[in-house]
Amino acid sequence: MSLGRKRIDFEAVFTGFIRVVDQLFSCTPSDPGAVVGGMDLYESVYQMCNTRPKPMAEDLFLRLADYLARHTQEIAKRVHASDHALQTYAAEWEIYLFATQTLNIVCDVLNRSICTPLRGANMSVAMRAHQERRPLVRDSVYKRQSVESLAFVLWKDNVFRKLRKDLIGSVADVVRGDREGVLGPHEACKALALSLVTLQARVSQSMSLYLYDYESVFIAESRKYYETESRRYARDLSVSEFMRMADDRLKQEQSRAARYLHPSSVEKVLFECNAQYIDAHKDKICFSFKDMLVHTRREDLELAYSLLSQIPNGITLLTQVYEAFVGEEGRKLLSPDPRTLVASLGDLHATRTSEIQALFKNDPKFVASLDKAYRSVINDSDAVNSPKQIAQYVDWLMKKSSKQSDAEVERALVQVMVLFAYIDDKDVFQKVYARLLAKRLIQRLSTSDELEYTVLTRLKMACGVEYTSKLQRMFTDMTLSADTSAQFREFPDHAGPELHAMVLTAGTWPISQASAPVLPHLPAPIAASVAAFTAFYGTKHNGRKLFWMWHLCRADVRLNGFDKRYEVSVALHQYAVLALFNDAPRLTRAEIAGALGCPQHDADRTVQSLIDAGLLLAAADGSDGGAIAINDAFTSKRAKLRLTLSLADSVAGGASAGGGSNGALRSGRRGTGAGGDDEDDEATRAAVEEDRKLFLQATMVRIMKSQRTVDHNQLVTSVIDLATARFRPSIALIKKCIEILIDKQYIERATGGNDRYVYVA
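Residues numbered from 1 in each chain as written. Predicted model: local features only at pLDDT ≥ 70, side-chain atom pairs only at ≥ 80, totals over all residues. Heavy atoms only, no water.

**As for the overall build of the chain**
Reasoning step 1: In terms of regular secondary structure, the chain is built from 28 helices and 11 strands.
Reasoning step 2: Residues classed as buried in the chain amount to 50% of the 761 residues present.
Reasoning step 3: Taken as a whole, the chain presents about 36,500 Å² of accessible surface, with 52% of it coming from carbon and sulfur. (Helix = DSSP H or I, 4+ residues; strand = E, 2+ residues; numbered from the N terminus. Buried < 20%, exposed > 50% of the residue type's maximum accessible area, 1.4 Å probe, protein only. Areas by Shrake-Rupley, 256 points an atom, 1.4 Å probe, with all protein chains shown as cover.)

**As for unusual backbone geometry**
Reasoning step 1: Positive phi outside glycine occurs at R444, with the angle close to 55 degrees.
Reasoning step 2: Relative to the elements of secondary structure, R444 occurs in the loop between α19 (426-443) and α20 (449-463).

**Observations concerning the sheet that holds strand β10 (residues 747-749)**
What links the strands of a sheet is backbone hydrogen bonding, and the strands pair in either a parallel or an antiparallel sense.
Reasoning step 1: On the basis of which strands lie adjacent, the open sheet formed by three strands has the order β9-β11-β10 and antiparallel pairing. One side of each edge strand has no neighbouring strand; the edge strands of this open sheet are β9 (709-711) and β10. Here the average twist between neighbouring strands, direction ignored, is 30 degrees.
Reasoning step 2: The sheet contact formed by β10 and strand β11 (residues 756-759) spans three bridges and is antiparallel. When the bridges of β11 are listed, R749 appears paired with Y757. (Pairing = 2+ DSSP bridges. Axes fitted to C-alpha atoms, helices over the stretch in contact; angles between N-to-C directions.)

**Observations regarding the packing of helix α10 (residues 239-260) against helix α11 (residues 263-277)**
Reasoning step 1: Contact geometry for α10 and α11: axes closest at 9 Å, N-to-C directions at 160 degrees. Taken together, the axes of α10 and α11 are roughly antiparallel relative to one another. With respect to the hand of their crossing, α10 and α11 are arranged in right-handed fashion. In contact with F242, M245, A246, R249, L250, E253, Q254, A257 and A258 of α10, α11 contributes V266, V269, L270, C273, N274 and Y277. (Parallel < 35°, antiparallel > 145°, perpendicular 65-115°, else oblique. Left-handed = near helix turned anticlockwise from the far one by under 90°. Contact = heavy atoms within 4.5 Å.)

**Notes on the state of the cysteines**
Reasoning step 1: Under the defined criterion, the tally for this structure stands at zero disulfides.
Reasoning step 2: Lacking any disulfide linkage, C49 is separated from the closest cysteine sulfur, that of C107, by 7.7 Å.
Reasoning step 3: Under the relative-accessibility criterion, C49 is labelled buried at 4%. (Disulfide = S-S within 2.5 Å.)

**Re the nonpolar core**
Reasoning step 1: Formed by 160 residues in total, the largest nonpolar core has its most connected members in F17, L110, L192, Y214 and F289.
Reasoning step 2: The dominant element in this core, judged by the number of residues it contributes, is helix α7 (residues 147-179), at 14 residues.
Reasoning step 3: In this structure, V503, L519, L559 and I628 belong to the second largest nonpolar core, which totals 47 residues. (Core = buried A, V, L, I, M, F, W, Y, C linked by side-chain atoms within 4.5 Å.)

**Focus on helix α21 (residues 465-489)**
Reasoning step 1: Along its 25 residues, α21 runs 35 Å from first to last C-alpha, staying within 8% of the 36 Å computed at 1.5 Å per residue.
Reasoning step 2: Largest kink in α21: about 30 degrees, centred on L471.
Reasoning step 3: Residues of α21 that are buried include every one of Y467, T468, L471, M474, F475, D477, M478, S481, T484, S485 and F488, and no others.
Reasoning step 4: Here the buried face of α21 lies against α18 (406-420), α19, α20, β1 (499-503) and α22 (524-540). (Expected span 1.5 Å × (residues − 1). Bend = angle between axes of the 7 residues up to and from the residue.)

**A short note on the sheet that holds strand β4 (residues 586-588)**
Reasoning step 1: Pairing within the open sheet is antiparallel, and its three strands lie in the order β4-β6-β5. Edge positions in the open sheet fall to β4 and β5 (616-618), since each of these has one partner strand only. Each adjacent strand pair in this sheet contributes to an overall mean axis angle of 30 degrees, direction not counted.
Reasoning step 2: Judged from the three bridges that link them, β4 and strand β6 (residues 627-630) form a sheet pairing that is antiparallel. Across the sheet, T588 pairs through a bridge with A627, a residue of β6.
Reasoning step 3: Of the strands in this sheet, β4, β5 and β6 are in contact with helix α24 (residues 589-596), which crosses β4 at around 85 degrees.
Reasoning step 4: Of the strands in this sheet, β5 and β6 touch helix α25 (residues 600-613), which is tilted by about 110 degrees from β5.

**Quick look at the pattern of salt bridges**
Reasoning step 1: Scanning the entire structure with this criterion turns up 40 salt bridges.
Reasoning step 2: We note a salt bridge from R161 to D213, for which the minimum N-O separation is 3.3 Å. Of this pair, R161 sits in helix α7 while D213 is found in helix α9 (residues 208-236), placing the two residues 52 residues apart along the sequence.
Reasoning step 3: For R161, a relative accessible area of 42% corresponds to the partly exposed category. (Salt bridge = Lys/Arg side-chain N within 4 Å of Asp/Glu carboxyl O.)

**Details of the packing of aromatic side chains**
How two aromatic rings sit relative to each other is set out by the distance from centre to centre and by the angle between their planes.
Reasoning step 1: Scanning the model with the defined rule gives 34 aromatic pairs in all.
Reasoning step 2: Centre to centre, the rings of F360 and F366 are 4.1 Å apart; their planes meet at 15 degrees, and the pair counts as stacked. For the residue pair F360 and F366, the accessibility class agrees, reading buried in each case.
Reasoning step 3: Chaining the aromatic ring pairs together yields one cluster made of F25, Y67, Y89, W93, Y96, F152 and W155.
Reasoning step 4: The ring of Y233 carries the charged tip of R232 above its face, separated from the ring centre by 5.0 Å.
Reasoning step 5: When the ring centre of F420 is taken as reference, the NZ or CZ atom of K426 above it lies at 5.4 Å. (Phe/Tyr/Trp six-rings, centres within 6.5 Å; stacked < 30°, edge-to-face > 60°. Lys NZ or Arg CZ within 6 Å of the ring centre and 35° of its normal.)

**Comments concerning the pairing of strand β3 (residues 566-571)**
Every other side chain in a regular strand lies on the same face of the sheet, so the side chains alternate between the two faces.
Reasoning step 1: Counted residue by residue, β3 has five buried out of six residues, so it is predominantly covered.
Reasoning step 2: Of the strand pairs in this sheet, strand β2 (residues 554-559) and β3 are connected by six bridges, and their pairing is antiparallel. The partner of R558 across the bridge, within β3, is E567.
Reasoning step 3: Turn length for the β2-β3 hairpin, with the two strands adjacent in sequence and antiparallel, is six residues, and the turn residue G561 shows positive phi of about 95 degrees.
Reasoning step 4: Pairing analysis gives three bridges linking β3 to strand β7 (residues 640-642), with the strands arranged parallel. Residue pairing across strands places S569 opposite R642, the latter belonging to β7.

**Side note on the side chain of N631**
Reasoning step 1: Assignment of secondary structure puts N631 in the loop between β6 and β7.
Reasoning step 2: Here the side chain of N631 touches G614 through a polar contact of 2.8 Å, landing on its backbone oxygen.
Reasoning step 3: In this structure, N631 is in contact with F562, G614, L615, L616 and L617, ignoring residues within four places of it in sequence. (Polar contact = N/O pair within 3.5 Å; in protein donor to acceptor, adjacent residues only side chain to side chain.)

**Some remarks on the environment of L334**
Reasoning step 1: Within the fold, L334 resides in the loop between α14 (314-332) and α15 (338-359).
Reasoning step 2: With a relative accessible area of 17%, L334 lands in the buried category.
Reasoning step 3: Residues L334 and I378 lie 44 residues apart in sequence; the distance between their C-alpha atoms is 8.7 Å.
Reasoning step 4: With residues near it in sequence (within four places) discarded, L334 still touches L341, L345, V377, D380, A383 and V384.

Spelled out as structure tokens, the structure:
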């Protein structure tokens with residue numbers, strides 16, 4: 001191929017060129033004796049565009065335009081005359097598209113001559129400038145464009161525009177039949193859709209032709225069809241049947257849209273179908289959702305979720321129903337019995353959690369609705385005192401008397417921690433649990449230390465180290481007490497019965513020192529052991545003072561002189577009374593009180609407990625001054641007995657101990673601390689309120705110290721955020737604490753504004 005410009009016979013060259021082009025567009029084989037290769041066509045175009053003395057590029061372009069115009073008009077006539085217009089259109093378009101793409105490659109030189117005459121300049125800038133000056137080729141109706149664009153414009157104008165109504169109408173008929181179960185020529189419909197996409201994308205770099213002439217019609221027909229059909233099914237079918245029908249139709253439409261539309265249109269059609277089948281009838285589905293939950297219709301629940309997840313805010317409507325249902329169900333299970341409460345709510349939570357995972361794909365919105373419902377139930381203070389009851393349930397689990405295996409306790413603790421997470425007043429739980437834990441540790445009632453540490457670890461993970469710091473120190477005291485008792489047994493001056501003492505840190509243990517009853521006159525054997533331990537402890541620790549909590553002490557006593565020998569575990573006050581009868585067969589109540597050195601009412605209470613147990617006998621006249629004697633006729637089926645005595649409002653229980661003239665003594669001691677019996681809710685609340693004030697004040701001081709100056713609203717928000725892990729403070733309590741800090745001169749109001757506070761260094 002020669003690149004030089006030369007003279008040619010334009011008519012002869014063009015006649016041969018257009019003959020091959022016509023064969024290409026007509027899809028007919030070339031004459032075997034006149035085969036023309038691709039390079040021959042390219043050379044012909046090159047020669048016509050570079051002939052001397054004048055290039056004939058514009059003549060070639062106009063001649064090609066006239067040919068393509070005639071050819072597209074003939075195609076339109078053939079399609080219009082066909083009984084199967086869609087199939088004919090698709091077949092003609094396939095040939096035309098291939099021929100156009102091939103011709104565009106062959107006419108590359110022509111395209112550059114027509115579209116980019118300003119050589120060396122930026123292509124887009126040059127093209128734009130040239131088209132603004134000379135938008136048409138000579139005086140024709142054809143714009144300066146590539147051969148491919150020219151061919152597509154002519155197809156759009158001469159074929160599609162003239163046949164648009166018939167073609168789109170045929171597509172609508174085919175789709176309607178498809179929806180009624182009659183499968184039509186969907187390949188031809190898809191070819192029409194893709195042809196419009198190709199045309200408009202190549203002509204004007206947009207898809208408006210496809211969007212306006214094809215997609216919009218398809219969507220409008222879908223809206224009209226499914227609006228009518230969904231109303232009919234909603235009226236005639238049950239909710240369950242309607243949802244199944246809707247699900248089937250939506251799946252069918254998704255497959256149908258993929259067969260008839262460009263991929264970009266599938267979501268739009270599905271959105272419209274969802275609007276007519278689901279959004280228009282969502283209230284009916286939501287109204288029946290509760291009934292599905294009540295009767296556990298799993299398939300319907302899963303289908304309702306699947307359908308409403310496809311519309312905006314559909315899941316929110318379901319979660320509102322779900323939250324109300326779970327809350328109502330949970331309130332029916334509320335019980336004053338801790339074991340019933342935890343077991344029932346724990347099982348319900350496990351069931352609903354499994355349900356969310358299996359039916360609702362573990363949707364975060366459903367998880368959040370379950371959390372809201374449970375938080376509402378657990379913190380319904382009018383129905384239950386959940387912090388106290390959950391603490392009591394853990395106490396039951398940890399005791400030997402529960403007779404639960406370690407595996408069963410572990411499973412129960414999982415339920416406990418699930419419910420614990422929903423408690424707002426975690427500080428109330430802490431107060432109650434601390435007292436119950438103290439009772440277990442002092443009385444040695446725990447199943448195992450390992451399980452106790454397991455609970456402590458889980459509480460620490462849930463609420464932080466500060467939340468469990470006092471509980472941790474209680475275990476530390478028990479460990480140190482065990483070491484101290486072991487060292488005391490080796491103490492050379494050890495006298496009296498065996499003594500197991502628990503030295504407990506004041507301020508850590510929830511035991512009220514102020515209300516502890518006194519016992520000035522100890523039995524001689526115990527007094528000797530106590531004196532020995534006090535001396536021993538003084539040698540180990542300087543400056544520490546022991547305060548003996550006698551009401552928490554217990555003694556293991558052997559009783560002789562009855563039908564058999566008995567071993568009885570009694571409170572220290574009870575042992576002191578019994579020991580008096582070693583030296584005297586009969587004593588008056590006044591003599592007993594005087595011997596003990598305690599108030600008469602405490603002595604009477606102790607004596608009465610022994611009378612109730614059958615160990616002592618009161619005078620027949622029942623007078624307060626009547627004589628008290630040993631009941632020689634006492635008998636019991638058991639050889640080992642345990643007697644209880646309540647002398648003070650303190651920790652819920654006493655120190656596990658034993659001792660006496662014939663046994664061993666274990667004594668507990670601790671210092672001051674806010675408390676009250678775990679049955680005394682008012683005392684607990686008062687202690688909690690006081691602790692909350694101190695906590696909020698400390699939190700405010702930390703915030704003010706770090707920021708120096710803080711707005712009122714910002715301070716309140718920050719305090720609530722920091723306190724939420726322990727409890728939900730009220731705005732009134734926060735304001736009260738602010739006033740307390742102002743009175744204490746930790747903070748002051750900023751000058752010129754009462755809604756701003758300044759830290760006072």
